[in-house]
Amino acid sequence: DTAVSQTPKYLVTQMGNDKSIKCEQNLGHDTMYWYKQDSKKFLKIMFSYNNKELIINETVPNRFSPKSPDKAHLNLHINSLELGDSAVYFCASSQDRGSRSVETQYFGPGTRLLVL
Amino acid sequence: AQSVSQHNHHVILSEAASLELGCNYSYGGTVNLFWYVQYPGQHLQLLLKYFSGDPLVKGIKGFEAEFIKSKFSFNLRKPSVQWSDTAEYFCAVNARGYNKLIFGAGTRLAVHP
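Residues numbered from 1 in each chain as written. Chains lettered and ligands numbered in written order. Predicted model: local features only at pLDDT ≥ 70, side-chain atom pairs only at ≥ 80, totals over all residues. Heavy atoms only, no water.

Student: Help me understand the overall build of chain B in this model?
Tutor: Along its length, chain B carries zero helices and twelve strands. Taken from the N to the C terminus, the helices and strands of chain B come in the order β-β-β-β-β-β-β-β-β-β-β-β. Its C-alpha atoms give chain B a radius of gyration of 13 Å, near enough to 13 Å, the size a compact globule of 113 residues would have. Seen along its three principal axes, the alpha-carbon backbone of chain B occupies a region of about 45 × 25 × 20 Å. Across the 113 residues that make up chain B, the buried fraction comes to 46%. (Helix = DSSP H or I, 4+ residues; strand = E, 2+ residues; numbered from the N terminus. Rg over C-alpha atoms; globule rule 2.2 N^0.38 Å. Buried < 20%, exposed > 50% of the residue type's maximum accessible area, 1.4 Å probe, protein only.)

Right, dumping it as structure tokens:
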């Protein structure tokens, strides 16, 4: 069983389009994250949700909107895609133990987005 | 602001050579420390972690790391690398009390047979 899954695995689209990436975890975790990995492999957090509530919102353009219908899902919607959005997007999850510290995060396989 | 430095961006070794990858962080308080590995085309996987206790931590696949608080370091080591260790290695730090994991820029390791 895949612990953290993402769809699609690859996404090629034109500038200006709107696209969504879905993430699901079956680990029973209550915290989920979205990371962006650029072409130099630098990994940066974008968003974090705990029990469907937004915890972290880094300096991300408001064209990016996360949505958490329940604690097992965290989807990422991107409006008006730009060339600079091309990257690998990783979803992750962890179990919040109430200490406001980060426990081990489990990552999904990534979604490779290419904007043409 | 918290930050993580991985000084070696690209390391090339022959099989059976010893490995040490540096990781330093900037934060004066208590931290949780992680090393993740990303094999080519794959997602990140946890190699090992340190939360408290023995500062020498053993992880999977023969890797270990030592937390030296006075040096703000958490270097990754393996006594004898294999070709299958070819991957990108990321150090990550969480400052206790903050809901954020800060990653280093990664070190790309290439092991030649």
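Student: Quick question: what am I supposed to make of the pairing of strand 4 (residues 31-37) of chain A here?
Tutor: Look at any regular strand and the pattern is simple: side chains alternate between the two faces of the sheet. Residues and elements named next belong to chain A. Within strand 4, six of the seven residues are buried, which leaves the element mostly enclosed by the surrounding structure. As paired elements, strand 4 and strand 5 (residues 43-50) share seven bridges and run antiparallel to each other. Residue pairing for strand 5: Tyr 33 is matched across the bridge by Ser 48. Where strand 4 lies against strand 9 (residues 87-94), seven bridges are found, and the strand directions are antiparallel. Counted as the bridge partner of Gln 37 is Val 88 from strand 9. (Pairing = 2+ DSSP bridges.)

Student: Hey, could you run me through the state of the cysteines in this one?
Tutor: Throughout this description, disulfide means a covalent bond between two cysteine sulfur atoms. In this structure the tally under the stated criterion is two disulfides over all chains. Note that A:Cys23 is cross-linked by a disulfide to A:Cys91, the S-S spacing being 1.9 Å. Measuring handedness by torsion sign, the sulfur bridge of A:Cys23 and A:Cys91 sits at about -75° and is left-handed. Placement of the pair is A:Cys23 in strand 3 (residues 19-25) and A:Cys91 in strand 9, with a sequence separation of 68 residues. We note that A:Cys23, like A:Cys91, is buried. Residue pairing for B:Cys23: its cysteine sulfur links by disulfide to B:Cys91, the two sulfurs lying 1.9 Å apart. Sign of the S-S torsion, about -65° for the bond between B:Cys23 and B:Cys91, identifies this disulfide as left-handed. (Disulfide = S-S within 2.5 Å.)

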